[in-house]
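An overview of the molecular structure
Residue strings, one per chain:
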Amino acid sequence: MNKLSPLHDKIYCALSGSAADAQTIAEIVNYQLDVHSTEIGEDPQVRSAATLVRNISYKYKEELSAHLIVAGWDRRDGGQVFATLNGLLTRQPFAIGGSGSSYVYGFVDAEYRRGMSKEECQQFVVNTLSLAMNRDGSSGGVAYIVTIDEQGTEEKVILGNDLPTFVDQ
């Protein structure tokens, strides 16, 4: 399953937890952002999308089992990443989540660098996903990545046979 869901033109979220719960939150936020964008006559801010996700997640924290990472680009603050867990809203240089994340924290901490080029960032994400998928049976075998910047969004699908391999493969 593609665990990346568009919330608006330059805002996406990464889904984890219950697929039905996460997709429902994403669909509600997508609708609310479309309405908000129409009302204000411009694209919404990434923080607005993350705040909507956080509000829904917190309000229904007893009923829903989902965690969404919200990322995107807006003309006010450029590229942004927000974690939105159980009422928490925090902007971070990067965020990871889901069942495969526990396998890659050390890798991400060691390999992340501020100021990476677009290509370096994409390779960093592909390597991270490959490592997570190799260790976690629930993480799938296809990498979906979205790169978002001022020009727009670029979506890529990397099939399992084209993913990098590591030591024990």
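Located above this text is the structure these notes cover.
Description of the structure in this document. Position numbers for residues start from 1 in each chain and track the written sequence from start to end. Selection of residues for local features in this predicted model requires a pLDDT of at least 70, selection of side-chain atom pairs for listing and counting requires 80 or more, and totals for whole chains, interfaces and linings are taken over all residues. Note: side-chain values were computed over all heavy atoms of the structure, leaving out hydrogens and water.

Let's talk about the packing of aromatic side chains
What counts as a ring pair is set by centres within 6.5 Å for rings of Phe, Tyr and Trp (its six-membered ring), and what kind of pair is set by the plane angle: stacked under 30 degrees, edge-to-face over 60, tilted for all other angles. This model, assessed by the stated rule, comprises three aromatic pairs. With 6.3 Å between their ring centres and 15 degrees between their planes, Phe-107 and Phe-124 make a pair best called stacked. Taken together, the positions of Phe-107 in helix α3 (residues 105–111) and Phe-124 in helix α4 (residues 118–135) put the pair 17 residues apart, joining distant regions of the chain. Relative accessibility under 20% of the residue-type maximum defines a buried residue, over 50% an exposed one, and the middle range a partly exposed one, all with a 1.4 Å probe and only protein chains included. For Phe-107, a relative accessible area of 22% corresponds to the partly exposed category. Judged by its relative accessible area of 12%, Phe-124 is buried. Numbering of helices and strands runs from the N terminus, with a helix taken as a DSSP run of H or I at least four residues long and a strand as a DSSP run of E at least two residues long.

Quick word on the nonpolar core
Of all hydrophobic cores here, the largest spans 18 residues; its most connected members are Leu-7, Cys-13, Ile-25, Val-29, Val-53, Leu-68 and Val-70. Setting aside its immediate chain neighbours within four residues, Cys-13 contacts Lys-3, Leu-4, Ser-5, Leu-7, Ala-26, Leu-68, Ile-69 and Val-70. Grouping buried Ala, Val, Leu, Ile, Met, Phe, Trp, Tyr and Cys residues that are joined through side-chain atoms within 4.5 Å yields what is termed a nonpolar core. We call two residues in contact when some of their heavy atoms are within 4.5 Å.

Description of the pattern of salt bridges
Salt bridge, as applied in this entry: a Lys or Arg side-chain nitrogen positioned within 4 Å of an Asp or Glu carboxyl oxygen. Scanning all chains against the criterion turns up four salt bridges. Salt-bridge contacts for Arg-75 lead to Glu-42; the nearest nitrogen and oxygen are separated by 2.6 Å. Of the two residues, Arg-75 is situated in the loop between β3 (66–74) and β4 (78–84) and Glu-42 in the loop between α1 (19–40) and α2 (46–59); the sequence distance between them amounts to 33 residues. On the basis of relative accessible area, Glu-42 is assigned to the partly exposed category, the value being 36%. Taking the shortest distance from any N to any O, the salt bridge between Glu-154 and Lys-156 comes out at 3.7 Å. Glu-154 sits in the partly exposed class, given a relative accessible area of 28%. Taking relative accessible area as the criterion, Lys-156 reaches 33% and is therefore assigned partly exposed. Among the charged side chains, a network of salt bridges with common partners joins Lys-118, Glu-154 and Lys-156.

Observations regarding the sheet that holds β4
Reading across the sheet, the five strands line up as β1-β2-β3-β4-β5 and stay open at both edges, with antiparallel pairing between neighbours. Each edge of the open sheet is held by one strand with a lone partner, namely β1 (4–8) and β5 (90–92). Within the sheet, the average angular offset between the axes of one strand and its neighbour, ignoring direction, is 30 degrees. We call two strands paired when DSSP finds no fewer than two bridges between them. Where β1 meets strand β2 (residues 11–17), four bridges bridge the pair, whose relative direction is antiparallel. By the bridge assignment for β2, Leu-4 is matched with Ala-14. Between the N-to-C directions of two axes lies an angle of 0 to 180 degrees, each axis being a line fitted to C-alpha atoms and, for a helix, fitted only over the stretch in contact. Against the sheet, α1 makes contact with β1, β2 and β3, and its axis sits at roughly 20 degrees relative to β1, the strand it touches most. Sheet strands in contact with α2 are β1, β2, β3 and β4, and its direction is about 165 degrees off that of β3.

A few points about the pairing of strand β6 (residues 143–149)
Sheet topology places β6 next to strand β7 (residues 152–158); seven bridges connect them, and they run antiparallel. Counterpart to Ile-145 in the pairing with β7 is Lys-156. Hairpin connection from β6 to β7: two residues lie between these consecutive antiparallel strands.

Quick notes on a nonpolar patch on the surface
Only residues above 30% relative accessible area that lack a salt bridge enter a patch, with like-charged residues linked at up to 9 Å and the nonpolar side chains Val, Leu, Ile, Met, Phe, Trp and Tyr linked at up to 5 Å. What sets the accessible areas is the Shrake-Rupley method with a 1.4 Å probe; for residues, cover comes only from the shown protein chains. Together, Val-142, Val-157 and Leu-159 line one region of the surface with nonpolar side chains, adding up to about 240 Å² of accessible area. The partly exposed category is assigned to Leu-159, whose relative accessible area is 48%.

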